[in-house]
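# Coordinate analysis (summary)
Each chain, written out:
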Amino acid sequence: MKIKEVQTELVPIALKTPFKTALREVQTLDVVRVKIYLDNGIVGVGEAAPTPAITGDTQESIWHDITQCYRPYLSGRELSHPINMLTELKELVPHATSAKAAIDIAVFDALAKQAQQPLYQYLGGKQASLQTDYTISIGSKEKMVADAQGYVKQGFTELKVKMGLDDPEVEVAKLKAMNQALDGKIQFRIDANQGWEPREAVEIIQSWKGLPIQFIEQPVKAHDLDGLAFVTKNSTFPIMADESLYNLADAQALIQHKACHMFNLKLMKTAGIQGALEIFQLAQKEQIPCMMGSMIEGYGGMAAAVHFAAGMNTLAYNDLDVPFMWKLTEQAKKQMGFTISKNTLTLSNQAGVGIWLEEGRA
Ligand SMILES: [Mg+2]
């Protein structure tokens, strides 16, 4: 399988309501789609979602890196040793994990298509369906309580709650109010998106003692591993690393510093499936539970994340709620490669990532 051509295009994705965290607010987005045309007729499809506040990658930088740096490198390459190729690709441009993820997903899509298997099966997965939590955006206490009740009514049994912008007593009160409104029946995942200082984080976490909390995600700044270790040591709930974890070296550093109990994997951070696999394998060895997460992404990026999660069989948690935030047009339903209902995502049995292309050459 030789690469003939690499094409990029922007795909607009509309959200039902804006998404707000301690780092950013997203209303609509354009994702960068990559199509790798192979000489046997297979088209590998991948996508990157720009998240400047997190990865530092903008739509322009992703477009530039793919068209100017990766495209010339990929043209004419043989896909028989994809891992070597993806490793070389990482060295071409520093960072730029989103652009690399788009290429990596397209390569894995092509490999799974060649094997005539859906990507999750190609990765060893057994089940086409999985369940996700739903994320409550930052808002007033009353709005967050109402949102939580609404999503539980829709069928979600676990809620992820965005925090990190308010004073500690407000953060504490918000979660207590949500828990009370839901009669203590729902499991919470808290994500501070680096919004707290280490001592403040410990104070907030101690005030939540006894609440149904599965874990606390990224309480402090990404690079403050000592601060993260301090919170981890003093927390009654497990601490999960997100913005502190991009690659295998980060995972090793987190383990060495005893800086967290759990990992959050996202393809846009790990530069795609190969990077996520490396971290997951280390996590399995070290008995560190992992969650599959995502940025606010488009059809291809989400489908790849769902395939990865299903492909690993033993992931502890899934935070793959973005498809429930899309405006589900007929076009979207046709393209996205999986279906959603209540809190469940079900992958199609199409080979590869399952994204439907206009040109029908997938
Ligand atoms: Mg997070």
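All figures in this text were calculated on a predicted structure; none of them were measured in a lab. (Residues numbered from 1 in each chain as written. Predicted model: local features only at pLDDT ≥ 70, side-chain atom pairs only at ≥ 80, totals over all residues. Heavy atoms only, no water.)

### A few points about the domain arrangement of the protein
- Domain assignment breaks the protein into domain 1 (3-116) and domain 2 (121-347).
- Measuring from the centre of the C-alpha atoms in domain 1 to the corresponding centre in domain 2 gives 23 Å.
- With 34 residues of domain 1 at the interface, the matching set in domain 2 holds 36 residues.
- Note on domain 1 versus domain 2: buried area summed over both sides is about 3100 Å², and carbon and sulfur give 68% of it.
- Run the count over domain 1 and domain 2 and you get 0 salt bridges.
- Between the two partners, domain 1 and domain 2, sit 11 residue pairs in polar contact (both at pLDDT 80 or more). (Domains from an automatic or database assignment. Contact = heavy atoms within 4.5 Å. Buried area = accessible area lost by both parts, 1.4 Å probe. Salt bridge = Lys/Arg side-chain N within 4 Å of Asp/Glu carboxyl O. Polar contact = N/O pair within 3.5 Å; in protein donor to acceptor, adjacent residues only side chain to side chain.)

### Description of the sheet that holds strand β13 (residues 338-341)
- Here 3 strands make up an open sheet; going across it, the order is β4-β14-β13 and the pairing antiparallel. In the strand order of this sheet, the two ends are held by β4 (129-131) and β13, each with one partner. Ignoring strand direction, the axes of neighbouring strands in this sheet form an average angle of 20°.
- In this sheet, strand β14 (residues 344-347) lies alongside β4 in antiparallel orientation, the contact comprising 3 bridges. Note on β14: the bridge partner recorded for Q131 is T344.
- Helix α12 (residues 299-312) contacts β4, β13 and β14 of the sheet and is inclined by roughly 90° relative to β14. (Pairing = 2+ DSSP bridges. Helix = DSSP H or I, 4+ residues; strand = E, 2+ residues; numbered from the N terminus. Axes fitted to C-alpha atoms, helices over the stretch in contact; angles between N-to-C directions.)

### Focus: the packing of aromatic side chains
- On inspection of all chains with the given rule, the structure shows 8 aromatic pairs.
- On the basis of an interplanar angle of 55° and a centroid distance of 5.0 Å, the ring pair of Y134 and F156 is categorised as tilted. Of this pair, Y134 sits in strand β5 (residues 134-136) while F156 sits in the loop between α5 (141-154) and β6 (158-162); the two residues are 22 residues apart in sequence, bridging distant segments of the chain.
- By relative accessible area, F156 is classed as buried at 2%.
- With a centroid separation of 6.1 Å and 55° between ring planes, the pair formed by W196 and W208 is classed as tilted. (Phe/Tyr/Trp six-rings, centres within 6.5 Å; stacked < 30°, edge-to-face > 60°. Buried < 20%, exposed > 50% of the residue type's maximum accessible area, 1.4 Å probe, protein only.)

### Quick look at the coordination of the magnesium ion
- Within the protein, the magnesium ion binds to D191 (OD), E217 (OE) and D242 (OD); these donor distances fall in the range 2.0 to 2.3 Å.
- Counting gaps between the donor residues of the magnesium ion yields the pattern D-x25-E-x24-D. Remark: D242 occurs in the loop between β9 (239-241) and α9 (248-256) and E217 occurs in strand β8 (residues 213-217); sequence separation between them is 25 residues. Here E217 matches D242 in class, with each residue buried. (Donors = N, O, S within 2.8 Å, 3.2 Å for Na, K, Ca; no water.)

### Looking at the state of the cysteines
- Tallied over the entire structure, the rule returns 0 disulfides.
- C260 takes part in no disulfide bond, and the closest cysteine sulfur, belonging to C290, lies 9.3 Å away.
- With relative accessibility at 12%, the residue C260 sits in the buried group. (Disulfide = S-S within 2.5 Å.)

### What to know about the UniProt feature "active site" (unreviewed entry) in the protein
- Summarizing the sequence annotation, UniProt attributes the feature "active site" (unreviewed entry) to K162 and K266 in the numbering used throughout.
- Looking at the secondary structure, you find K162 in strand β6.
- We classify K162 as buried; its relative accessible area is 6%.
- With respect to the element layout, K266 can be found in the loop between β10 (262-265) and α10 (267-270).
- With near-sequence residues (within four places) excluded, K266 lies in contact with D242, M292, G293, S294 and M295. (UniProt positions renumbered as here; feature names shortened; annotations may be inferred.)

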